[in-house]
Number of protein chains: 2
Amino acid sequence: MLTAYANQINQAISTALQPYGAPASLYHPVSYLFEGGGKRVRGIMVGLSCQAVGGDPQDVLPAAVAVELLHGFTLIHDDIMDSSPIRRGRPTVHMKWSENVAILSGDVMMGIAITELHSCCHISTDPLAVIKELGKGLIEVCEGQALDMELAIQPDVSVTQYFNMIEKKTARLLETACAIGGMLGNGSAAELNALTLFGRSVGIAFQVQDDVLDLIGAPDFGKKLGGDIEEGKRTWMMLEAKRRLADNQLVKSFFDDNGLGSDDVPEMIQLLHTNGILDEAQQIVRNHTQTAYLQLDVLPSNQGSRLLRELAETLITRTI
Amino acid sequence: MLTAYANQINQAISTALQPYGAPASLYHPVSYLFEGGGKRVRGIMVGLSCQAVGGDPQDVLPAAVAVELLHGFTLIHDDIMDSSPIRRGRPTVHMKWSENVAILSGDVMMGIAITELHSCCHISTDPLAVIKELGKGLIEVCEGQALDMELAIQPDVSVTQYFNMIEKKTARLLETACAIGGMLGNGSAAELNALTLFGRSVGIAFQVQDDVLDLIGAPDFGKKLGGDIEEGKRTWMMLEAKRRLADNQLVKSFFDDNGLGSDDVPEMIQLLHTNGILDEAQQIVRNHTQTAYLQLDVLPSNQGSRLLRELAETLITRTI
């Protein structure tokens, strides 16, 4: 079911992009990004959230496309800012073309997103609230990325600041997806509230799980474990290590030198393990997952809400 | 009157940005851009277009802010792409901070623009059409910038391609401003059509006038005349020179070397003058201005339409 809807979203993305062929330097990178794959998690969440409150996921495909466009725009721009050369096994847009092309192609995706969302939001009893949600999502995703860049160079980062950052940078778009889907299905205030918290909780759990998998996940395509430690990424686990093990030489080096050499990575993973920090991170994942599932009890028990649970399980119990 | 409304827009911009203080790295550049000045022509056009069809310009201040935000976003991103170090006498955002900051601050302005427009578009009988206009404007401005970059490296550029480019890059935002203002004032289809064509015609006239002033304008703050010729900018005049004077050595050099040395600039200006190309460019400005004024006849004769004419005159008859 989830795969079938993802395929429908892919089809809808192709259809939505059809009118936008020229100038090729603007639009080719947009189709390139989508051809590179992606699970369409956010688009699926739009459809399932709509279905969960009694709407038809077929009616909200343009909104699913809009949210995927918003997501794609953040990927292209974030890849420039993070100087990432590779995404999904292929050169990122700014590497394949140029930074200028990547800036502009990202920009135009927001325009198409507005147009797509516009084309289906009349099915909501409050279409303007749906539009507002898109604007709010865009604003907060930008705030999340800005916070991420600020925290990367700030000497002391609190756990609260960290969670505020991932709530915006990672979780906000899942929240936006669920909120927009629920609004288009004309869910009640309580249902919308539950869907919003569901999306946010899944997003936070997903990010912390991602950080854990970087250290102890199954090897994927020869991906090196502990890359985040080498890069100096300030995950919750590293912030917690600093708080608890401030005098540890390895922890000190990590923060002083913005990362460790690859030789020191296994020792750092061991340190996080021995001190129970890895376990606690997994507990955080479970807690947020639990919060997410509890929200689903507020929704009618139907295929939409069942599939939302299935989607969350798939995301959070993955091992790679 | 125009200045008073511009001041109200500036006040409304400040109010709109008030909730957006943190993260400072994201929002400081946004206020920095607006503090740098600007005539708020696009915002004024929103208000006057609304007034011209019988609406109250006070009601559409958030929409004026939205269009100014959209404009500001294109300035910040275009400055990165064009590697412009200075805007309005101050360092551009990417020079003062960084390209990453400029990308992200531009992005967030679109989010605030959506939010602002959302807050007042309910006064239209078709609020979603107003939203759609913003999306369409954003898309076409991006297309214009992409075309500009494509044409800069393309061996042969036709006059049609050139006008298509400036219609999107320069004129589209004025068109968007007039269309949104007219829609919010609930103008008739004929009025909206007239306002749209008014904005587009003023935009084209403005751009060609800008190119003429670069060659023969009054000296402004020691600005050097003919900078466009040094930079190799393919204005309508240079494209026309190529078409008519293909064998001229100076014209050849301009296109082969992407610009001329400053010593050759006076001779090129003289060449454009002698061959009547400068005169014809000024005729193009007059023609489009005339088209713009004719549109105003379709509108009720009131303060709004009178001020639209005054605004167009100010823009097009400027000498610096």
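Just so you know, these numbers come straight off a predicted model, no measurement behind them.

### Here we look at the overall build of chain A
Link 1 in the chain: In terms of regular secondary structure, chain A is built from 15 helices and 2 strands.
Link 2 in the chain: The C-alpha atoms of chain A give 20 Å as radius of gyration, which agrees with the globular expectation for 320 residues (20 Å, within 12%).
Link 3 in the chain: Seen through its principal axes, chain A has C-alpha atoms that stretch 60 × 45 × 30 Å.
Link 4 in the chain: Working note: accessible area of chain A is about 12,700 Å², and carbon and sulfur atoms make up 51% of it.
Link 5 in the chain: Taken together, the 25 basic and 39 acidic charged side chains of chain A have centroids lying 2 Å from each other.

### A few points about the nonpolar core
Link 1 in the chain: Counting residues in hydrophobic clusters, the biggest one holds 235 residues, and the most contacted among them are Met268 of chain A together with Met268 of chain B.
Link 2 in the chain: Beyond its immediate sequence surroundings of up to four residues, Met268 of chain A is in contact with Ile229, Met238, Leu250, Val251, Phe254 and Leu260 of chain A.

### Comments concerning the relation of the copies chain A and chain B
Link 1 in the chain: Here chain A sits on chain B after a turn of 180° about the axis and a move of 0.0 Å along it, with an RMSD of 0.0 Å. Both copies of the chain, as the preceding transformation shows, are related through a two-fold rotation axis.
Link 2 in the chain: Comparing interface residues between copies, 100% of those in chain A also lie at the interface in chain B; the contact surface is shared.

### Things to note about the environment of Leu278 of chain A
All names here are of chain A.
Link 1 in the chain: As for its placement among the helices and strands, Leu278 is situated in helix H14 (residues 277-296).
Link 2 in the chain: Each C-alpha atom, one on Leu278 and one on Leu215, is 9.0 Å from the other, the two residues being 63 residues apart in sequence.
Link 3 in the chain: Those residues in contact with Leu278, other than ones at most four positions away along the chain, are Val212, Ile216, Met237, Ile269, Leu272 and His273.

### Describing the packing of helix H3 (residues 41-52) of chain A against helix H4 (residues 61-81) of chain A
Residues and elements named next belong to chain A.
Link 1 in the chain: Close contact between H3 and H4 brings their axes to 8 Å; oriented N to C, the two are set at 150°. Here H3 is positioned roughly antiparallel relative to H4, judged by the angle of their axes. Handedness of the crossing formed by H3 with H4: right-handed. Counting all contacts with H3, which are made through Val41, Arg42, Gly43 and Val46, the residues of H4 involved are Ala63, Ala64, Val67, Glu68 and His71.
Link 2 in the chain: Residue composition of the contact of H3 with H4, by class: 5 nonpolar, 2 polar and 2 charged.

### Details of the pattern of salt bridges
Link 1 in the chain: All told, the structure shown has 26 salt bridges over all chains when counted by the stated rule.
Link 2 in the chain: The salt bridge partner of Arg244 of chain A is Glu240 of chain A, with a shortest N-O separation of 3.1 Å. Here the residue Arg244 of chain A and the residue Glu240 of chain A both occupy positions in helix H11 (residues 236-244), the gap between them amounting to 4 residues, near one helical turn.
Link 3 in the chain: Note on Arg244 of chain A: relative accessible area 34%, which makes it partly exposed.
Link 4 in the chain: One salt bridge in this structure joins Arg172 of chain B and Glu133 of chain B, with 3.6 Å as the shortest N-O distance. With Arg172 of chain B in helix H8 (residues 159-184) and Glu133 of chain B in helix H7 (residues 127-153), the pair connects residues that are 39 residues apart, well separated along the chain. The burial state of Arg172 of chain B is the same as that of Glu133 of chain B; both residues are buried.

### Brief notes about helix H1 (residues 2-17) of chain A
Residue and element names in this part refer to chain A.
Link 1 in the chain: Helix length check: H1, at 16 residues, gives a terminal C-alpha distance of 23 Å against a target of 22 Å (1.5 Å per residue), a fit within 8%.
Link 2 in the chain: Within the span of H1, buried status applies to Leu2, Tyr5, Ala6, Ile9, Ala12, Ile13, Ala16 and Leu17. Take H1 and look down its axis: the buried residues cluster within an arc of 125°, on one side only. Facing away from the buried side of H1 by more than 90 degrees, the exposed set consists of Thr3 and Gln11.

### As for the confidence of the model for chain A
Link 1 in the chain: Summary statistics for chain A give a mean pLDDT of 95 and a share of 98% for residues scoring 70 or more.
Link 2 in the chain: Interface confidence for the predicted complex, expressed as ipTM, amounts to 0.95; the pTM equals 0.95.

### Some remarks on the packing of helix H8 (residues 159-184) of chain A against helix H9 (residues 189-216) of chain A
Residue and element names in this part refer to chain A.
Link 1 in the chain: Running from amino to carboxyl end, H8 crosses H9 at an angle of 140°, the nearest separation of the two axes being 7 Å. On the basis of the axis angle, H8 is oblique to H9. When the axes of H8 and H9 are compared, the crossing they make is right-handed.
Link 2 in the chain: For the contact of H8 with H9, the residue count by class is 15 nonpolar, 6 polar and 4 charged.

### Some words on the side chain of Glu175 of chain A
All names here are of chain A.
Link 1 in the chain: Its location among the elements puts Glu175 in helix H8.
Link 2 in the chain: Taking relative accessible area as the criterion, Glu175 reaches 7% and is therefore assigned buried.
Link 3 in the chain: In contact with Glu175, not counting residues within four places along its chain, are Thr196, Gly199 and Arg200.

### Observations regarding the interface of chain A and chain B
Link 1 in the chain: At the interface, 42 residues of chain A touch 42 residues of chain B.
Link 2 in the chain: Viewed at the interface, chain B and chain A are joined by 0 salt bridges.
Link 3 in the chain: Across the contact surface, chain A and chain B share 10 residue pairs in polar contact (both at pLDDT 80 or more).
Link 4 in the chain: Broken down by secondary-structure element, the contributors of at least two residues to the side of chain A that touches chain B are helix H2 (24-35), H4, helix H6 (99-120) and helix H7 (127-153) of chain A.
Link 5 in the chain: The dominant element in the side of chain A that touches chain B, judged by the number of residues it contributes, is H7 of chain A, at 17 residues.
Link 6 in the chain: Grouping the constituent residues of the side of chain A that touches chain B by class yields 27 nonpolar, 9 polar and 6 charged.

### So, helix H11 (residues 236-244) of chain B
Residues spaced three or four apart along an α-helix point in a common direction, a consequence of the helix completing one turn every 3.6 residues.
Link 1 in the chain: When we look at burial in H11 of chain B, the residues that qualify are Trp236, Met237, Met238, Leu239, Glu240 and Ala241 of chain B.
Link 2 in the chain: In this fold, the buried residues of H11 of chain B make contact with H8, helix H9 (189-216), helix H12 (249-256), helix H13 (265-274) and helix H14 (277-298) of chain B.

Parameters at a glance
- Once a new chain begins, its residue numbering starts again from 1 and follows that chain's sequence as written.
- To read the labels, note that chains go from A and ligands from 1, taken in the order they are written.
- Per-residue local features of the predicted model are confined to residues with pLDDT of at least 70, and side-chain atom pairs are confined, for both listing and counting, to 80 or more; whole-chain, interface and lining totals are unaffected and use all residues.
- Heavy atoms throughout the structure, all of them, feed into the side-chain values; hydrogens and water do not.
- Strands are runs of DSSP state E lasting at least two residues, helices are runs of H or I lasting at least four, and both sets are numbered from the N terminus onward.
- In this treatment the radius of gyration is a C-alpha quantity, and the globule benchmark scales as 2.2 Å times the residue count to the 0.38 power.
- Only the protein chains shown count as covering a residue, and every accessible area follows the Shrake-Rupley method with a 1.4 Å probe.
- Within this scheme the basic residues Lys and Arg register as positive and the acidic residues Asp and Glu register as negative, but His and the chain ends are omitted.
- Where a charge lies is defined by one atom per residue type: Lys uses NZ, Arg uses CZ, Asp uses CG and Glu uses CD.
- To define a nonpolar core, start from buried Ala, Val, Leu, Ile, Met, Phe, Trp, Tyr and Cys residues and group those joined through side-chain atoms within 4.5 Å.
- The rule is simple: take the accessible area with a 1.4 Å probe, protein chains only, and divide by the maximum for that residue type; under 20% is buried, over 50% is exposed, in between is partly exposed.
- In what follows, a contact means two residues having at least one pair of non-hydrogen atoms within 4.5 Å.
- Copy-to-copy alignment: least squares on C-alpha atoms, limited to residues at pLDDT 70 or above in both.
- A fitted line through C-alpha atoms serves as each axis, taken over the contacting stretch for helices, and the angle formed by two N-to-C directions is quoted from 0 to 180°.
- We call two directions roughly parallel when the angle between them is under 35 degrees, roughly antiparallel when it is over 145, roughly perpendicular when it lies between 65 and 115, and oblique otherwise.
- Left-handed is the label given to a crossing in which the near helix is rotated counterclockwise from the far helix by less than a right angle, and right-handed is the label when the rotation is clockwise.
- Polar here means any residue outside two lists: the nonpolar Ala, Val, Leu, Ile, Met, Phe, Trp, Tyr, Cys and Pro, and the charged Asp, Glu, Lys and Arg; Gly therefore counts as polar.
- Here a salt bridge means any side-chain nitrogen of Lys or Arg lying within 4 Å of a carboxyl oxygen belonging to Asp or Glu.
- In this analysis, the expected span of each helix is defined as 1.5 Å times one less than the number of residues it contains.
- This arc describes the spread of directions from the helix axis toward the C-beta atoms.
- A residue's pLDDT is simply how confident the predictor is in it, with values from 0 to 100.
- Polar contacts, as counted here, are pairs of nitrogen or oxygen atoms within 3.5 Å of one another; within protein the pair requires one atom able to donate a hydrogen and one able to accept it, and residues that are adjacent in sequence qualify only if both atoms are side-chain atoms.

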